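# Secondary and tertiary structure notes
The lines below spell out each chain.
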Amino acid sequence: MSFISLKKIGDAQKKAAVVDVRSGDTVRVTQKIKEGEKFRSQVFEGVVIRTDRKGSHTARITVRKVTSGVGVEKSFLIHNPLVEKIEIVHRAKVRRKNLSFLRERSGKSARLTNKAFDRNAVNNPEVTTVATPAEEAPATEEKVEKAEAVLEAESQDAETQAEKVNPKGPAEPAE
């Protein structure tokens, strides 16, 4: 598989609208948890101490919170279907991408300076096309079919290139 086909498959699985999360933001992440046959929603609220690969389909944020004196960090894939919603509660002034220094701090020294931002505008990103739930399923199937067609075409190209190199076939070595 080539890099281009992997990129097309990854882009097909991306969410349409994602909140612009930055390091230093206090976020509320709602995640689906499966227990037996049922799903429930769990909320994890904390400070984003790291963002990775923002433009990729594997974009990830690491969120840290302190519960009962114990620091808890959780990593979330932004485009994961189990992550229902990411809501920005506060935005802080920071000058780095990785805030790992917050791990050693506690109390007042662990606080970040909040800055003003438009909460409604940030938490409701514009979607280019609004699809109803009935239209979503066929659109996803079309994306998967397109990705499979690209993979099939590339595998056929690889077979024809192998035949050009070895016209006797794959079993017999070329002389």
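Below you will find a few notes about this structure. (Residues numbered from 1 in each chain as written. Predicted model: local features only at pLDDT ≥ 70, side-chain atom pairs only at ≥ 80, totals over all residues. Heavy atoms only, no water.)

### Notes on unusual backbone geometry
- The phi dihedral of Ser68 is positive, around 55°, even though this residue is not glycine.
- Relative to the elements of secondary structure, Ser68 occurs in the loop between strand S3 (60-67) and strand S4 (70-77). (Helix = DSSP H or I, 4+ residues; strand = E, 2+ residues; numbered from the N terminus.)

### Re the pairing of strand S2 (residues 38-52)
- As judged from the 10 bridges shared by strand S1 (residues 26-35) and S2, these two strands associate in the antiparallel manner. Looking at S2, one finds that Thr26 is bridged to Val47.
- A loop of 2 residues connects S1 with S2, the two strands running antiparallel in sequence, and Gly36 in this loop sits at a positive phi of about 70°.
- Where S2 and S3 come together, 5 bridges link them in antiparallel fashion. When the bridges of S3 are listed, Val47 appears paired with Arg64. (Pairing = 2+ DSSP bridges.)

### Structural notes on the environment of Lys54
- Examined against the element boundaries, Lys54 turns out to sit in the loop between S2 and S3.
- Along the sequence, Lys54 and Arg22 sit 32 residues apart, while their C-alpha atoms lie 9.5 Å from each other.
- Discounting residues that sit within four places of it in the chain, Lys54 has contacts with Asp20, Val21, Arg22 and Ala59. (Contact = heavy atoms within 4.5 Å.)

### With respect to a positive patch on the surface
- Among the surface-exposed residues, Lys93, Arg95, Arg96, Arg105 and Lys115 lie close enough to one another that they form a single positively charged patch.
- Tracing the sequence through the fold places Arg105 in the loop between strand S5 (83-92) and strand S6 (114-115). (Patch = residues over 30% accessible without salt bridge, like charges linked within 9 Å, V, L, I, M, F, W, Y side chains within 5 Å. Areas by Shrake-Rupley, 256 points an atom, 1.4 Å probe, with all protein chains shown as cover. Salt bridge = Lys/Arg side-chain N within 4 Å of Asp/Glu carboxyl O. Lys, Arg positive; Asp, Glu negative; His and termini not counted. Charge placed at Lys NZ, Arg CZ, Asp CG, Glu CD.)

### Observations regarding the sheet that holds S3
- Within the open sheet, the 6 strands sit side by side as S4-S3-S2-S1-S5-S6. Their pairing is antiparallel. Across the chains shown, the open sheet's two edge strands, defined by having one partner strand only, are S4 and S6.
- Here 2 bridges tie S5 to S6, and the two strands are oriented antiparallel to one another. Paired with Ala92 across the bridge in S6 is Asn114.

### A few points about the pattern of salt bridges
- Applying the stated criterion to the full structure yields 8 salt bridges.
- The partner of Glu87 in a salt bridge is Arg28, with the nearest N and O atoms 3.6 Å apart. One end of the pair, Glu87, is in strand S5; the other, Arg28, is in strand S1, and 59 residues separate them in sequence.
- Relative accessible area serves as the criterion here: at 26%, Arg28 is assigned to the partly exposed category.
- It is possible to trace a salt-bridge network through shared partners that takes in Arg28, Glu45 and Glu87. (Buried < 20%, exposed > 50% of the residue type's maximum accessible area, 1.4 Å probe, protein only.)

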